[in-house]
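Residue-level structure breakdown
Each chain, letter by letter, is given below.
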Amino acid sequence: MRGYKTNSGIEHTEDVGVSPNGEKRVVTFDLLRQPFSILRVEPTATMAEISEAFEDASRDGLAPESELSAARQAIINPRLRLAAELAALLDTPAGEAKAVYSALRSGASSNDLRRVADRLSPLSRCNLLTHIAAHHPADADLLVALVDAHSSMAAETLAPTIERVRKAAGSVSPSLDALSAGLHDLIARHSKAVFEGFLTIQSAAAPVYACTTRVLASPNPDRIEALDSIIRAYGQFIGPELSRYEERVKAACDSLRTQPTKAYAVASIAEAVRSWHVLGASLMELEAHKGRDDKRARELFAEVRSLAVDLANDHQQYDSGLSLTKAALEAFSALPRAAEQLKEDFSLLEERAAAAGVEPLKKWIDDLGGDLVILADDLQAHGFGDRSIRETKELFDLFLRAIDATQSTKASDLPWILARGLAIRLNNEGKAPRAALALTTGLLQRTEASSVSTEMLNQLRGDQRTIERNLLEEKLMEHIKANRVSDALAVISNLLNDYKSPEERDLLRGVEAGLQKKRTAQITRWVVFGVIGAIILIANLGDKSSPPPSTYAQRPVPSSPSYQPPSVQGDYRSPPATTPPSAHSAEEVMPEVGYGQKFSRGNIRYCLYQEERMRSIKSSLSINEDIDAFNKLVNDWNLRCSNYKYLESDMAAVTAELSEKKPKLEKDGKQIVAGWPSRSVPVPGNTYIPPPSPQSDTAPVLWSPTPPEQQAEITLDLLRIEDAVRVQNRLRELGYFRFQGLANGTWGAQSRRALRAFKLANGLTSDDVLDSMAAGRLFSASAVRAEAKTQLGGAQTTVETAYPAPYGATLNPLNRADAVRIHAKFRELALYKGKDDTVWSGASRVALTKFKTKYGLGQDDVWDAATEQRLFSLVPDRPAENPRDAFSAAVAGTWVTDIRACPGGEGGTDAVPISITAVRAEAGGGGCEFGDMNGAGATWTVKAVCSFNGKSWTANINLTRAGELLTWSSERGLVQYRRCGS
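Here's what I pulled together on the structure shown here. (Residues numbered from 1 in each chain as written. Predicted model: local features only at pLDDT ≥ 70, side-chain atom pairs only at ≥ 80, totals over all residues. Heavy atoms only, no water.)

Here the focus is the overall build of the protein. The number of helices and strands found in the protein is 34 helices and 15 strands. Taken over 982 residues, the protein has a buried fraction of 48%. For the protein, long-range pairs separated by at least 24 residues make up 63% of all intrachain contacts whose partners lie at least 6 apart in sequence. By element, 52% of the accessible surface of the protein is carried by carbon and sulfur atoms, the whole surface being about 47,100 Å². (Helix = DSSP H or I, 4+ residues; strand = E, 2+ residues; numbered from the N terminus. Buried < 20%, exposed > 50% of the residue type's maximum accessible area, 1.4 Å probe, protein only. Contact = heavy atoms within 4.5 Å. Areas by Shrake-Rupley, 256 points an atom, 1.4 Å probe, with all protein chains shown as cover.)

In structure tokens, the structure reads:
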């Protein structure tokens, strides 16, 4: 407080504080410093009373002469008087107003003053609450009270009071419009003044956020309008600090893009984003309530998300991307679209990071190859755990690291899948069931301390029981061969505890009965060997999904979608058993249409035989009608044979029959073709059907697309980033989009090639247009997946299809030439700084969002006719105070003498593009550095130092632009250029 003595002995104080940037500040709203209070007169005072009060105040030294004069002028000047009246306790009775002023002068506490404010009328309450806030840091209660007071003020209700006061003072009353404007200005003053009591910017964040959430919890239009005024003032108050955080984020992002492994830069970005959020949360909440995004938050979100995606896609820095996405998700959850995108990013990044953590384990298992002897010996001798040695120890350590990397992620089962697959190999290929049992038992012991899914736990338990049963069955055979009847009976008793199938139990009880009757060794041997072939369940360990183990294997449906962990390939399903077939009828039994049925041997025989017939037919197809008939045959096969369960022994038996039957089945195929209508009725071959793509040897799939009437209606627009990401993810799931990073919605050459490959493989047109038929097929269960050998083609193998422009527009930014033109205009307006003008990327969408937001076209990144029309109608700003900016706005860009030389152009010309910026021009290895420049609008003179082929010279360059033409003249001649993108 700074004080001075008046000649009347009264000490007067002027409030001085420290602003957030460290400078001294004077409180701008003070009831004791408003004109009526300084002169100590009532608002109803007449001109004579005001003059007398001025003389008394001057004589008593109540304030400096200049301040007293200003106060008198504010009261007697009709233009200033309304503001002075509204800033006083105008709607409070004179006696009560004097008591309030007396309390203020005596230094009453803020709590006492707030209790007084609760009793006052709306205008006086607003003024007193603002006075308190300007002198003391406001809490949420005070801010909410001020919002409520502001929302209850109205010009109509205050007009009678003003009219009464003016009549008593002998002055003319203001109009209702003038009074409304005065109240609006007063609220703006209040909103700014409430932040003068805070000593730091950060200290204002919590009370403002609490006030915002409380008001929004029970909103009405008047309260929202009052809150909006305070939040706007708050935004100005915190603006410099937000800019500081944004600059930190931008600098760290630029640093990370050049050095992606700088972990401290990630931490710096995350910290700056969180700090930004602490201050900016109130701004985002209010904008979200209005159904829109805060502009600064949207731009910062786009910057951070773009970096996270780049780190993951281009540099495989999944952990860094994950950290940034987590920080962004915490900070920008109030942005509806942002939150949705970030949650998807976080899930994918978490999955990628987890998969990367499993890669060493996968590589180690892959490198084992077929040499499992040492590993099997170590497992049998020392188990799988802390006592493991040599190879088993390496495996165990890698397994533990993989578990740590995937803990609590979608890929948490991945280490277990890999280790379980190795156990299957040990049992099936290595013929080492005891080693497989040791590995499986060790895995089960680790489940107690790790998060593993119930499904995986059940599979491991099922594997353990299956191996134990196999070993018991081996012992049973050994005991029977050695005529150890008692031992054999003990094993049977053990097996009966686990066998659940009635058929299995009946068979075992038959063997048990034969042994118990103590028949001769010859009869006993006959009983055993006649039955044991039927009761040995599996020689190999099967991939059972849940206990108890079934004697049925499950044929997968090739086209059905399933979860495949990223970056891990391979089928962990064990091969079928090779139990010798027993005598059965050779009859084929056509199965019913359906999925998941238990097939008899006759059903299996029909499916395998019919498949062989179709294979022979496929090689002889020649005309379109034959292909149509073949497709119907394949469709019927798919409906009956694409998914079923079977006994391993039945499958082995029919597979063994197949080789002998091939000649007859080929003959059957020819007879089927001979009966087709095309062989007897001539048909014109005027309908083209694409050639078939290579199919699996086990599951034929239709070549032609699903008829439109059978497709789900799917509407997708690749200009919408959500749709583009969705299509990219689906293409990757099907094996066509072979890119291990995050899908980012940038629809470039790779995405086009992937879509074209998908359409070719699925019998659609050979272009890269996502039409309704392609979209329907892409997201259908019958979509044909890419095979490993599918060639997607190089970057220049095909011509890209031109996408049509949105309704009413002439350009589509997904087309290279259109993208170049749009980017050029964005560069001219200083909105786009990306490196690639030919691809519509994340940076392009950020520029579009900025443009649309600035010109009131929405806050999205959707290209439409209105946006196109507005963009190309604009002339760049040319601020006179910054000639270099004006120069850049007029002539910066890429220019050519032959339009074919533009980036993305057709080529075939020797012309070289020239790139002009605010400081330099470059072309063909040479360039000019710009110095002093003079001009305005489209005409400029520039002094430059130019160099080419090791020689340098000074040039005086004249540049004149006329529309999309640029004339460059200097001492060396004149050249006329055309702007790329025009």
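Moving on from the coordinates now.
Quick look at the state of the cysteines now. Following the criterion strictly, the structure yields two disulfides and no others. Residue pairing for Cys607: its cysteine sulfur links by disulfide to Cys641, the two sulfurs lying 2.1 Å apart. Residues Cys607 and Cys641 are joined through a disulfide that is left-handed, its torsion about the S-S bond being -75°. Placement of Cys607 in helix H25 (residues 601-618) and of Cys641 in helix H26 (residues 624-641) is noted, with a sequence separation of 34 residues between them. Pair check on accessibility: Cys607 and Cys641 agree, each one buried. Each sulfur of the disulfide joining Cys928 and Cys946 lies 2.0 Å from the other. Here the disulfide of Cys928 and Cys946 is right-handed, its torsion about the S-S bond being about 110°. Of this pair, Cys928 sits in strand S11 (residues 926-936) while Cys946 is found in strand S12 (residues 939-948), placing the two residues 18 residues apart along the sequence. For Cys928, a relative accessible area of 9% corresponds to the buried category. (Disulfide = S-S within 2.5 Å.)

Spatially, the eight strands close up into a barrel ordered S8-S9-S10-S11-S12-S13-S14-S15, and their pairing is antiparallel. With direction set aside, neighbouring strand axes in the sheet form an average angle of 30°. The sheet contacts of helix H34 (residues 883-891) involve strand S8 (893-896), strand S9 (914-916), S11, S12, strand S13 (951-962) and strand S14 (965-970), and relative to S11 the element is tilted by about 110°. (Pairing = 2+ DSSP bridges. Axes fitted to C-alpha atoms, helices over the stretch in contact; angles between N-to-C directions.)

Bringing the side chain of Asn762 into the picture now. Mapped onto the elements of the fold, Asn762 is located in the loop between helix H29 (749-761) and helix H30 (772-778). On the basis of relative accessible area, Asn762 is assigned to the buried category, the value being 0%. Here the side chain of Asn762 touches Phe758 through a polar contact of 2.8 Å, landing on its backbone oxygen. (Polar contact = N/O pair within 3.5 Å; in protein donor to acceptor, adjacent residues only side chain to side chain.)

Residues separated by three or four positions in an α-helix point in the same direction, a consequence of the helix having 3.6 residues per turn. Listing the buried residues of helix H4 (residues 78-86) in full gives Arg81, Leu82, Ala84, Glu85 and Leu86. As for H4, its buried residues are in contact with helix H1 (35-39), helix H2 (47-60), helix H3 (65-76), helix H7 (122-135), helix H9 (155-169) and helix H10 (176-193). Two or three places before Arg79, at the opening of H4, Asn77 has a side-chain oxygen 2.9 Å from that residue's backbone nitrogen.

Further remarks concern the nonpolar core. The biggest cluster of nonpolar side chains holds 105 residues, and the ones touching the most others in it are Leu39, Leu86, Leu128, Phe195, Tyr234, Ile269 and Phe332. By residue number, the principal contributor to this core is helix H12 (residues 221-258), which donates 15 residues. Dropping the residues within four chain positions of it, Tyr234 is found in contact with Phe195, Ala204, Ala205, Val208, Leu279, Ser282 and Leu283. Core analysis: the next-biggest nonpolar cluster, separate from the first, contains 39 residues, Leu719, Phe758, Leu814 and Phe826 among them. (Core = buried A, V, L, I, M, F, W, Y, C linked by side-chain atoms within 4.5 Å.)

The pairing of S9 with strand S10 (residues 920-923) spans two bridges and is classified as antiparallel. If you follow Ile916 over to S10, its bridge partner there is Ala921. Count of turn residues in the S9/S10 antiparallel hairpin: three residues. With four bridges connecting them, S10 and S11 associate as antiparallel partners. By the bridge assignment for S11, Glu922 is matched with Gly927. The turn joining S10 and S11, which pair antiparallel and follow one another in sequence, is formed by two residues; a positive phi near 55° is taken by Gly924.

Once that is clear, we can look at the pattern of salt bridges. Under the counting rule described, the total for this entry stands at 39 salt bridges. A salt bridge links Lys362 to Asp366; its shortest N-O distance comes to 2.8 Å. Placement of the pair is Lys362 and Asp366 together in helix H16 (residues 336-368), with a separation of four residues, close to one helical turn. On the basis of relative accessibility, which here comes to 45%, the residue Asp366 falls in the partly exposed class. For Asp397, the salt bridge is made with Lys393, and the minimal N-O distance between the two is 3.4 Å. Of this pair, Asp397 and Lys393 both sit in helix H18 (residues 390-406), separated by four residues, roughly a single helical turn. The exposure class of Lys393 is partly exposed, given its relative accessible area of 32%. (Salt bridge = Lys/Arg side-chain N within 4 Å of Asp/Glu carboxyl O.)

So, about helix H21 (residues 454-481). The end-to-end C-alpha distance of H21 is 41 Å, a good match for the 40 Å that 28 residues give at a rise of 1.5 Å each. Among the residues trailing H21, Asn483 stands out with phi positive, at a value near 60°. (Expected span 1.5 Å × (residues − 1).)

Looking now at the packing of aromatic side chains. Applying the stated rule across the entire model yields 13 aromatic pairs. Ring centres 5.6 Å apart and planes at 40° place the aromatic pair Phe195 and Tyr234 in the tilted group. Placement of Phe195 in the loop between H10 and helix H11 (202-217) and of Tyr234 in helix H12 is noted, with a sequence separation of 39 residues between them. Per residue, the accessibility class of Phe195 equals that of Tyr234, and both read buried. (Phe/Tyr/Trp six-rings, centres within 6.5 Å; stacked < 30°, edge-to-face > 60°.)

Take it as geometry only, folks, not as evidence of what the structure does.
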